[in-house]
Amino acid sequence: MRPLPRPTALSRPFWDGCLRGKLLVQRCSGCARRFFIPSAFCPHCLDTAYEWTESSGRGHVITCTVVWRPPTPAFEPPYVVAVVRLEEGYEMFTNIVGAEPDADLIGVAVRVRFHQESEDIALPFFELAAATRRRP
């Protein structure tokens with residue numbers, strides 16, 4: 001079994017959203033920019049006021065790599081890890097599921113898909129949305 005995250009008071013809204021099939025992200029009350037990972041302050045303007053908002057869950061792959069030798073036997077290789085830029089402008093480190101390991105994924109459109117790992121945790125992964133690429 002893969003290691004699961006341990007939600008904190010700060011990250012609990014994110015994980016609760018995942019359980020409901022919603023990708024939630026923080027939006028700064030000062031500069032209105034969205035950011036991920038959960039933080040007590042905005043990494044852009046350092047304001048401490050924010051709200052949780054629903055993200056579209058759609059974006060495109062910025063960069064990725066294939067893991068052939070995982071850190072523990074709990075992860076089955078090969079798998080694709082990637083940075084996805086969401087439509088709202090923030091980026092997320094994640095896994096791409098359903099793609100061939102040797103596929104050229106840079107710029108490819110993806111969408112979030114949740115996988116229930118336990119009673120308390122659903123993980124957000126991303127899958128290919130279409131055979132289209134975003135222009136650089």
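Remember, it's a predicted structure, so these values are computed and weren't measured experimentally.

### Some points on helix α1 (residues 12-19)
Reasoning step 1: Every buried residue of α1 is accounted for by F14, W15, G17 and C18. Down the axis of α1, the sector holding all buried residues measures 155°, keeping them to one side.
Reasoning step 2: Looking one or two places after α1, you find G21, whose phi comes out positive at around 75°.

### What to know about the sheet that holds strand β2 (residues 34-35)
Reasoning step 1: Spatially, 3 strands are ordered β2-β1-β3 in an open sheet, and the strand pairing comes out antiparallel. Each edge of the open sheet is held by one strand with a lone partner, namely β2 and β3 (50-54).
Reasoning step 2: Across 5 bridges, the pairing between strand β1 (residues 24-28) and β3 is antiparallel. Bridge assignment links C28 to a residue of β3, and that residue is Y50.

### A short note on the pattern of salt bridges
Reasoning step 1: According to the stated counting rule, one finds 8 salt bridges in the structure shown.
Reasoning step 2: One salt bridge connects E54 with K22, and the closest N-O pair in it is separated by 3.9 Å. With E54 in strand β3 and K22 in the loop between α1 and β1, the pair connects residues that are 32 residues apart, well separated along the chain.
Reasoning step 3: Each of R111, R113 and E127 takes part in a single network of salt bridges with overlapping partners.

Definitions and limits used
Residues numbered from 1 in each chain as written. Predicted model: local features only at pLDDT ≥ 70, side-chain atom pairs only at ≥ 80, totals over all residues. Heavy atoms only, no water. Buried < 20%, exposed > 50% of the residue type's maximum accessible area, 1.4 Å probe, protein only. Helix = DSSP H or I, 4+ residues; strand = E, 2+ residues; numbered from the N terminus. Arc of directions from axis to C-beta. Pairing = 2+ DSSP bridges. Salt bridge = Lys/Arg side-chain N within 4 Å of Asp/Glu carboxyl O.

Interpretation note: all reported values are geometric properties and have no functional meaning in isolation.
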